[in-house]
Amino acid sequence: MAESFIDTAIRAARAAGALLRENFGTELSVDAMHDHDIKLELDVRSQELITQILLEAHPEHALFGEEGVTGDQDSAYQWIVDPIDGTVNYFYSIPHFCVSIGLQHQGQRILGVVYDPMLDELFQAQRGQGALRNGVPIHVSRRSLGDAVITIGFSKDKASIDAGLEHYRQIAYSVRKTRVFGSAALALAYIASGRLDAYIEEQISIWDIAAGWLLIEEAGGMVEVRDSPVKPGTQAIIASNGVVDLAAVSRA
Ligand code: IPD
Ligand code: CA
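Residues numbered from 1 in each chain as written. Chains lettered and ligands numbered in written order. Predicted model: local features only at pLDDT ≥ 70, side-chain atom pairs only at ≥ 80, totals over all residues. Heavy atoms only, no water.

Ranked by internal contacts, the top residues of the largest apolar core, which has 30 residues, are Trp79, Tyr90 and Ile101. Mapped onto this core, the elements with two or more residues apiece are α1 (5–23), β2 (37–40), α2 (41–57), β5 (77–85), β6 (98–105) and β7 (108–116). For this core, the element with the most residues is α1, which contributes 8 residues. Ignoring anything within four residues of it in the chain, the contact list for Tyr90 reads Leu19, Leu20, Asn23, Phe24, Leu28, Leu40, Leu42, Ile84 and Phe97. With 29 residues, the next largest nonpolar core counts Phe123, Ile138, Tyr199 and Ile204 among its residues. (Core = buried A, V, L, I, M, F, W, Y, C linked by side-chain atoms within 4.5 Å. Buried < 20%, exposed > 50% of the residue type's maximum accessible area, 1.4 Å probe, protein only. Helix = DSSP H or I, 4+ residues; strand = E, 2+ residues; numbered from the N terminus. Contact = heavy atoms within 4.5 Å.)

Moving on: the sheet that holds strand β4 (residues 68–71). The strand order across the open sheet formed by 8 strands is β4-β3-β5-β6-β7-β8-β9-β10, and the pairing between neighbours is mixed. Edge positions in the open sheet fall to β4 and β10 (136–137), since each of these has one partner strand only. As defined by bridge partners, strand β3 (residues 62–65) adjoins β4 across 4 bridges and the pair is classed as antiparallel. Considered in β4, the bridge of Leu63 is made with Thr70. Relative to β7, α1 is tilted by about 30 degrees, and along the sheet it contacts β5, β6, β7 and β8 (121–126). Helix-sheet contacts for α2 involve β3, β4, β5 and β6, and the interaxial angle to β5 is about 150 degrees. (Pairing = 2+ DSSP bridges. Axes fitted to C-alpha atoms, helices over the stretch in contact; angles between N-to-C directions.)

For any pair of aromatic rings, geometry is given as the distance between the ring centres together with the angle between the planes. Under the criterion given, the structure shown has 8 aromatic pairs. With 6.5 Å between their ring centres and 85 degrees between their planes, Phe5 and Trp79 make a pair best called edge-to-face. Of this pair, Phe5 sits in helix α1 while Trp79 sits in strand β5, and the two are 74 residues apart along the sequence. Judged by relative accessible area, Phe5 falls into the partly exposed class, the value being 25%. Members of the aromatic cluster, joined through ring pairs, are Phe5, Tyr77 and Trp79. A cation over an aromatic ring shows up here: Arg109 above the ring of Trp213, its NZ or CZ 3.7 Å from the ring centre. (Phe/Tyr/Trp six-rings, centres within 6.5 Å; stacked < 30°, edge-to-face > 60°. Lys NZ or Arg CZ within 6 Å of the ring centre and 35° of its normal.)

Turning our eyes to something else, we now look at the site of ligand 1. Neighbouring residues of ligand 1: 17 residues in total, closest Asp85, Gly86, Thr87, Lys156 and Glu201. Between ligand 1 and Ala184, the relevant distance is 2.9 Å, taken from an oxygen atom to a main-chain nitrogen or oxygen of the residue. Within the side chain of Asp208, one N or O atom sits 3.4 Å away from an oxygen atom of ligand 1. In isolation ligand 1 exposes 370 Å². Once the protein is present, 91% of that is buried. If you list the elements that add at least two residues to the shell around ligand 1, you get β5 and β13 (198–204). Considering only residue class, the shell around ligand 1 consists of 4 nonpolar, 7 polar and 6 charged. (Near = heavy atom within 4 Å. Polar contact = N/O pair within 3.5 Å; in protein donor to acceptor, adjacent residues only side chain to side chain. Areas by Shrake-Rupley, 256 points an atom, 1.4 Å probe, with all protein chains shown as cover. Nonpolar A, V, L, I, M, F, W, Y, C, P; charged D, E, K, R; others polar.)

This next bit is on the coordination of the calcium ion (ligand 2). In this structure, Asp82 (OD), Asp85 (OD) and Asp208 (OD) serve as the protein donors to the calcium ion (ligand 2), at separations of 2.0 to 2.3 Å. Counting gaps between the donor residues of the calcium ion (ligand 2) yields the pattern D-x2-D-x122-D. On the criterion of sequence distance, the pair formed by Asp82 in strand β5 and Asp208 in helix α6 (residues 206–218) is long-range, its members being 126 residues apart. Residue Asp82 is classed as buried on the basis of its relative accessible area of 0%. (Donors = N, O, S within 2.8 Å, 3.2 Å for Na, K, Ca; no water.)

For the rest of this paragraph, the subject is α6. In an α-helix, one full turn covers 3.6 residues, which means residues spaced three or four apart are oriented alike. Relative to the 18 Å expected for 13 residues at 1.5 Å per residue, α6 spans 18 Å between its end C-alpha atoms, a close match to the ideal helical length. Its maximal kink placed at Gly212, α6 deviates by approximately 25 degrees. In terms of burial, α6 is a largely internal element, 11 of the 13 residues being buried. Taken residue by residue, α6 has Trp207, Asp208, Ile209, Ala210, Ala211, Gly212, Trp213, Leu214, Leu215, Ile216 and Glu218 as its buried positions. (Expected span 1.5 Å × (residues − 1). Bend = angle between axes of the 7 residues up to and from the residue.)

Another aspect to go through is the pattern of salt bridges. Going through the model one piece at a time under the given rule, you end up with 16 salt bridges. Where Glu217 meets Arg127, a salt bridge forms, and the shortest distance between an N and an O atom there is 3.6 Å. Of this pair, Glu217 sits in helix α6 while Arg127 sits in the loop between β8 and β9 (131–133), and the two are 90 residues apart along the sequence. A residue is classified by how much of its surface remains accessible, and Arg127, at 32% relative accessible area, is partly exposed. Note that Arg176 and Asp147 form a salt bridge whose closest N and O atoms lie 2.7 Å from each other. Separated by 29 residues along the polypeptide, Arg176 in the loop between α4 (158–171) and β12 (177–179) and Asp147 in the loop between β10 and β11 (149–152) bring together distant segments of the chain. Since its relative accessible area comes to 51%, Arg176 is described here as exposed. By sharing partners, the salt bridges in this structure join Asp37, Lys39, Glu66, Glu67 and Lys156 into a single network. (Salt bridge = Lys/Arg side-chain N within 4 Å of Asp/Glu carboxyl O.)

Have a look at this one:
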């Protein structure tokens, strides 16, 4: 019998996570270094490992990842993979990064797994079945704006940094605290588990958010994704516990 999609996703996330843990803090081979971004050889190796596990178990599926596209692109099933989310943190030996794996069926999100190998925390969700952290059900917080701890994403170019700074200025005075952690997928997982209350970023890619998006929906929160106003082909996102309305604050 074929392995269930969720079991395969978890196996792939844990295998890639183990690879990242083993190499954490070592001298890393850099493929490209930009002003506000770094590409590692390990990004590619992690995606290769994930691809091998996912497509060996489900060879008829498509895969869309930060490091490239593979599999049968006509498939109704598409895996969406970020092999290291938080690559800059990883390169600087900051232990806050993850592996993110989502699965869509005919464009609908059906599964998401986010794995933090340093804390050994595995967040998972399947459509209609709720969200879990290490096997225990999780839920978004009920905090409102004044009590909220929110996070803002800053992406890789000036327009997105400017947009993030503008959000920081608009939002910081209204909430308890504002944080910038450097992994979008973990930010979403933290909202799903009630640690953070909301997240906003003007330039994000689908592989950063595919898994965490379903985690939040299944944990009772709210995610709004639209085309990025600062970079064509990317998205803008506001995610929250459903109580905090960052859109209203950032328009104010
Ligand atoms: C980045 C992180 C970061 C977000 C950026 C992403 P990467 O992904 O998720 O938190 O603000 O927009 O590009 O490059 O580390 O995979
Ligand atoms: Ca990423």
